[in-house]
Amino acid sequence: MVWFLTALALLLLGGVLSLVLSRSRKTASLVGAISASAGGAVVLLQSFDVLISGQSQSLRLAWSVPFGSANMAVDPLSAVFAVVIALVTMLAAVYGTEYLRTHADKKNLGVSWFFFNLLTASMLMVVAARNGVLFLISWELMSLASFFLVTQEDEKETVRRAGWIYLVAMHVGTAFLLVLFLLLGKDSGTLDFDRLSTAAAPSWVFFVLAVVGFGTKAGFIPMHVWLPEAHPAAPSHVSAVMSGVMIKTGIYGLLRMLTLFGSLPAWWGWTFVGIGVVSGVMGVLYALAQHDLKRLLAYHSVENIGIIALGLGVGVLGISYKSSAMAALGLTGCLLHVINHALFKSLLFLGAGSVLHATGTGELDRLGGLLKRMPITGATFLVGSAAISGLPPLNGFVSEFLICLGAMIGLSGQVSLTASPLMGVLVVGGLALIGGLAAACFTKALGVVFLGEPRSGDVAEAHEVGRAMRWPMIVLAGLCVLIGLTAPLWPVVLQPAVAAIVPQQSSIAAEAARPLTGVVVGSCILLGLVVVLVQVRRQLLVRRRVEQAVTWDCGYTAPAPRMQYTASSFARPLVLLFRLFLQPRDDIDRPQGLFPKHAVLHTHAPDLFRRYVYEPLFAAIVWTTSKLRWLQEGRIQIYVLYIALTIFVLFIWKLR
Amino acid sequence: MTMLASIVHVMCALLLAPALPGVITRVKAWFAGRRGPPLLQAYYDLWKLLHKGAVYSKTTTWVFVAGPIVGLACAMTALLIVPMGGTAGVLSFSGDFLLLAYLLGLMRFFTILAALDTGSSFEGMGASREAFYSALAEPALLLGLVAMTAQSHSLSISGMVAAVTPVAIASPAGPALLLVAAALLIVFLAENARIPVDDPNTHLELTMIHEVMVLDHSGPDFAMIQYAATLKLWVLGALLVGILVPVRSGWWGVDLGAGIGGMVALAAVVGVIESTIARLRLVRVPQFLVAASVLSILALVLVMR
Amino acid sequence: MNVWLDTLLVLLILTNLHMLGSSRITACIRTVACQAVLLAAISLLAQPDGIGLRLLLLAAVTTTIKAGILPWLLQRAVREVGVQTEVEPIVGFTTSLLLGLGLLGAALHVAGRLPLPNDAGTSFLVAVALFTMMVGLLLIVSRRKAVMQTLGYLAMENGIYAFGLAFAIEEPLLVEMGVLLDVFVAVFVMGIAIHHISREFDHIDTDRLAALKD
């Protein structure tokens, strides 16, 4: 635990130091990044130690806050999340040194680094806290630090708006968590996690509060509306941290809450499965309809949170139907997907940041042909795209495989599951549909951004980014491949963390690892064949004529970049098929006359939940509060009177 | 012994797969009253392509070259997983059907990227359609296999297919198996770019799906694409034959022979379908594919009932 | 025996799904006729105590009416009116198919919980019967053409018939005769109505009948 605290101290110290030294932009960046990396490295080592030894470490100090004690611990479950947090923030920090240098010329970099380190430290505190007050304080710090990072480019109207939505959403979520913890601590009089009691209310109350509270952070549909606004608005390395890691703290909260309950009702599992399918499918559909690279990636976070929720649902169903194999596979898949998504999503966001950095635009239909100009960014983005589409031999396939297999065990007659066809349809069919749509979406993004010819002038002059931005992407892409090829290891590594949620023997983890050996054998054969075929092709073409020509466009001799298929046209058939859920809108200014001068077509798919749920809701709130305007007199005496009256009423109520 | 049978199956598939398109075109020619090309035409084409040079567009990158290579590697790996009737796949483990489905996904992913790499709007259009239809075909395939899992209580595709015995077909689960076969037939036709989803012989690039994506490939690259396509035909066909030809005699030679005979028969059936059914309008294809999913789900419901 | 019954029931489900997914009116009419033949076969198979002459006769009569006369009348109506043969759905075909699947799930769920007099063997028959009725309703609600609504009624009637079969007693046949008569009249009236409406207004979209409301 000492090392963990050292890391926190390092992070905070580095942040403050960077704030103090902010006069020199270079020093501030350097101090911030070095402290973030050092802190991250320490946490990484310590968490690996916990994960491998299976021994948790804890610390308890007396504290004079009501309900509070400085009670912290790192058990294997926390360690999984701490590893992810440390790893991604480290790499994002390295990336940030170069990204921020040119991207925020007039900004005070010290402030940016201060909040970055604060965000990292608070996320680590969230997963280590073992006391409700400490947890909520860290949770709030995390929200605020990320809010200031999101609004870094506050001269833009859209960014201010995004920040505002983000702030409101986070606090609505926190309000639910506050109630949750108050109820949990009501009976025992303390908010220490090990003494929380679930006797104060029926268990469904806790469940609903936790799903709404933590789900807002995680980005479950329909609580996701802040996500596609806030993530694109932040600087790219911060988007990577937020999308890759921060939303996972919501999943952590849910898992931690599940450990408080002895038995889990089946309908909790079904709820998670339902949320998972809806978030997964809707998330990827919205992503398909987007025109902005970072917005597209943000919606994919919703999709992947859906996959994680599917795994959680399978796991909970396994627990409630007493099938340890199903529970182990579901929860391992869930945790592994948390890690995997952190890796490939931060990789993709960093890639998007590089594109933004090199071309100045993230609009898909203005990009193109970047693979030739930015080979490293392009290649790593390709790895990330294949991984997020759940394709072998990469890591995304491994976690989806585990979740799917867990669901199949529920169908194979080993478990007496009611409504099991529904399970097969929702989990396996859902994952297949999500996978297919994700592949469509990422072939679109990759193809339009990196392949073909540049669609606008600036893009043609783009150059590869510098070393500090390249290496984090290479490392992340390498990790994606590594996890894919060491798949059988992971159920065993994650076993202690799964055991924190549902007690089980390690033999089950070994059982889960066995099919993965087959997967790895298949992947190795695949890679071997690729190598052989590359050689075969090279041998065949040796001493033959290999020519260069223009693309054969069915006889058309002068193809121009603007004639290429665009992202919107690529996705159009799918968007139209699912128009019931997307309700895409077109603004058309049709060409008129024989020699039309002007014609415009805009297509967009606004978020339905935002339009039909939140906007009316907030309009209603504004309307109600405007009716209470008369309370606000503007005279200080009246306000003092209000306060006095409130205290008086509370007094009476308490002494009643 | 079973391992030997599996290896023999893979060898047979690698050698015989290019004959399947020959059978299809022969049957079609017979229906149209023509003589048609020789049965081994696909082999001649491959031989010729392998001896040619190549032309690459200036726009393309390494992704364009990687497309055919990864595609063929995926198809060959998938061939190792797929069983032929009672003959198990070489590589068989719990959940291998997921690897099979996603290998086909990886193949498609790279084919689409290679098509987009040329910057041609025709190829972009084909890529868009391929992504569109395969996103709908994938759930149908996996749900069909889920229904087979529920029927056989096996998590491996070899176990699932081996459980389809004449006894199983005569049992109450029989109708469900036939439904799965119907769903798989739709997936088979769609994934292999066959009528009524796609017409491999259409003369207008605007109306193609698969063929238009590979317009720019030439020489050995194109040979790899053609060969991978026939292997994919074999892989998905073997699943279908595994259900429809339930010969499980116990002698692997007989089983395998029946399976390969079934493959030829399946090719002939495809020829009949292509000669008698018109191609669907593009807007109707999604419905056709959703119908495959519906059939699979129906089968699942029937098995679990 | 049981396998054949199951197969027929599965085919019945498929005819229903086909009606939901088909875009041609004539195809739908043929499918309903097909359903009637299937039902006749089911009624013969579902009898636990042998097939009597009475049963055969009744089956023959209902099949002739439902698979022969009614479809012929409808085909003629469609041809004579000269309407376009497209179904014109309010709810799209793909959505209809998926809705159909949902209805099937609901039917199975309900049939599993109904207190049935017989053994559990008939529960699937009841489920399919309920499903057929629901599909009939769905067709009535979600299609524009008046002909399709008639077909929806016919499908519903088929469902009621199958439902009666599940109880394997003779009263359902009487009920069936009554219902059949109703439908016969309904089809007759519809046919005439369609004919007249189309003559007056040049189309048979029920949507546009709403214009008559004031």
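One structure accompanies this document, and this report is about it. A quick note: this is a predicted structure, and the numbers were derived from the prediction, not measured.

### A look at the overall build of chain B
When its secondary structure is counted, chain B shows 13 helices and one strand. Secondary structure elements of chain B, listed N to C terminal, follow the sequence α-α-α-β-α-α-α-α-α-α-α-α-α-α. Its C-alpha atoms give chain B a radius of gyration of 19 Å, within 12% of the compact-globule value 19 Å for 305 residues. Projected onto its principal axes, the C-alpha positions of chain B cover 60 × 45 × 40 Å. Every one of the 305 residues in chain B was classed for burial, and the buried ones make up 67%. Pairs at least 24 residues apart make up 81% of the contacts formed inside chain B by residues separated by at least 6 positions. Looking at chain B as shown, the accessible area adds up to about 9,700 Å², and 70% of this sits on carbon and sulfur atoms. Mean positive and mean negative side-chain charge positions of chain B (16 and 15 charges, respectively) differ by 8 Å.

### Observations concerning the packing of helix 22 (residues 567–577) of chain A against helix 6 (residues 121–152) of chain B
Closest axis-to-axis distance for the helix 22 of chain A/helix 6 of chain B pair is 8 Å, and the angle between their directions is 30 degrees. Viewed along their axes, helix 22 of chain A and helix 6 of chain B form a crossing whose handedness is right-handed. Two secondary-structure elements touch here, helix 22 of chain A through Ser569, Phe570, Pro573, Leu574 and Leu577 of chain A and helix 6 of chain B through Gly124, Ala127, Ser128, Ala131, Phe132 and Leu136 of chain B. Residue composition of the contact of helix 22 of chain A with helix 6 of chain B, grouped by class: eight nonpolar, three polar and no charged.

### Brief notes about the interface of chain B and chain C
In this assembly, 16 residues from chain B lie in contact with 17 residues from chain C. Together chain B and chain C conceal approximately 1,500 Å² of surface at their shared face, both sides included; 78% is due to carbon and sulfur atoms. Of all residues in chain B, Gln287, Val294 and Leu298 of chain B give up the largest surface area on contact with chain C, accounting jointly for 33% of the area buried on that side. Linking chain B to chain C there are zero salt bridges. Put simply, the parts of the chain that give the side of chain B that touches chain C at least two residues each are helix 9 (174–191) and helix 13 (285–304) of chain B. If one sorts the elements of the side of chain B that touches chain C by residue count, helix 13 of chain B sits on top with nine residues.

### Side note on unusual backbone geometry
Only a minority of non-glycine residues have a phi that is not negative, and only a minority of peptide bonds are not trans. A cis amide bond links Pro392 of chain A with the next residue in sequence, Pro393 of chain A, at an omega value of 0 degrees. Tracing the backbone through its elements, the reader meets Pro393 of chain A in the loop between helix 15 (375–388) and helix 16 (395–411). Residue Pro196 of chain B follows Ile195 of chain B across a cis peptide bond; omega there is 10 degrees. Here Pro196 of chain B shows up in the loop between helix 9 and helix 10 (210–213). One non-glycine residue with positive phi stands out, namely Arg543 of chain A, at about 60 degrees. Relative to the helices and strands, Arg543 of chain A resides in the loop between helix 21 (506–541) and strand 3 (546–549). With relative accessibility at 84%, the residue Arg543 of chain A sits in the exposed group. The phi dihedral of His153 of chain B falls on the positive side, at around 60 degrees, and the residue is not glycine. If you trace the backbone, His153 of chain B turns up in the loop between helix 6 and helix 7 (157–162). The exposure class assigned to His153 of chain B is partly exposed, which follows from its relative accessible area of 48%.

### Section: the interface of chain B and chain A
Contacts between chain B and chain A engage 74 residues on the former and 74 residues on the latter. Of the roughly 6,400 Å² buried between chain B and chain A on both sides combined, carbon and sulfur atoms contribute 77%. Between Arg537 of chain A and Asp221 of chain B there is a salt bridge, with its nearest N and O atoms 3.2 Å apart. Of all the elements in the fold, those that place two or more residues in the side of chain B that touches chain A are strand 1 (54–57), helix 4 (62–81), helix 5 (96–117), helix 6, helix 11 (219–244) and helix 13 of chain B. When residues in the side of chain B that touches chain A are grouped by element, the largest group, 18 residues, is from helix 6 of chain B.

### Overview of the pattern of salt bridges
This structure, assessed with the given rule, holds 19 salt bridges over all chains. Among the salt bridges present, the one from Arg108 of chain B reaches Glu138 of chain B, with a minimum N-O distance of 3.2 Å. You can see Arg108 of chain B sitting in helix 5 and its partner Glu138 of chain B sitting in helix 6, a full 30 residues away along the chain. Note on accessibility: Arg108 of chain B and Glu138 of chain B belong to one class, buried. The shortest N-O distance in the salt bridge between Lys66 of chain C and Glu157 of chain C comes to 3.4 Å. Residue Lys66 of chain C is located in helix 3 (residues 53–81), and its partner Glu157 of chain C is located in helix 6 (residues 146–165); the two are separated by 91 residues in the primary sequence. Across the pair, Glu157 of chain C and Lys66 of chain C agree in class, each one buried.

### What about a nonpolar patch on the surface?
Residue and element names in this part refer to chain A. Side chains of Val16, Leu17, Leu19, Val20, Leu21 and Val111 sit close together on the surface and give an oily, nonpolar patch of about 460 Å² of accessible area. The element best represented in the nonpolar patch is helix 1 (residues 2–20), accounting for four residues. Looking at the secondary structure, you find Val16 in helix 1.

Parameters at a glance
Residues numbered from 1 in each chain as written. Chains lettered and ligands numbered in written order. Predicted model: local features only at pLDDT ≥ 70, side-chain atom pairs only at ≥ 80, totals over all residues. Heavy atoms only, no water. Helix = DSSP H or I, 4+ residues; strand = E, 2+ residues; numbered from the N terminus. Rg over C-alpha atoms; globule rule 2.2 N^0.38 Å. Buried < 20%, exposed > 50% of the residue type's maximum accessible area, 1.4 Å probe, protein only. Contact = heavy atoms within 4.5 Å. Areas by Shrake-Rupley, 256 points an atom, 1.4 Å probe, with all protein chains shown as cover. Lys, Arg positive; Asp, Glu negative; His and termini not counted. Charge placed at Lys NZ, Arg CZ, Asp CG, Glu CD. Axes fitted to C-alpha atoms, helices over the stretch in contact; angles between N-to-C directions. Left-handed = near helix turned anticlockwise from the far one by under 90°. Nonpolar A, V, L, I, M, F, W, Y, C, P; charged D, E, K, R; others polar. Buried area = accessible area lost by both parts, 1.4 Å probe. Salt bridge = Lys/Arg side-chain N within 4 Å of Asp/Glu carboxyl O. Patch = residues over 30% accessible without salt bridge, like charges linked within 9 Å, V, L, I, M, F, W, Y side chains within 5 Å.

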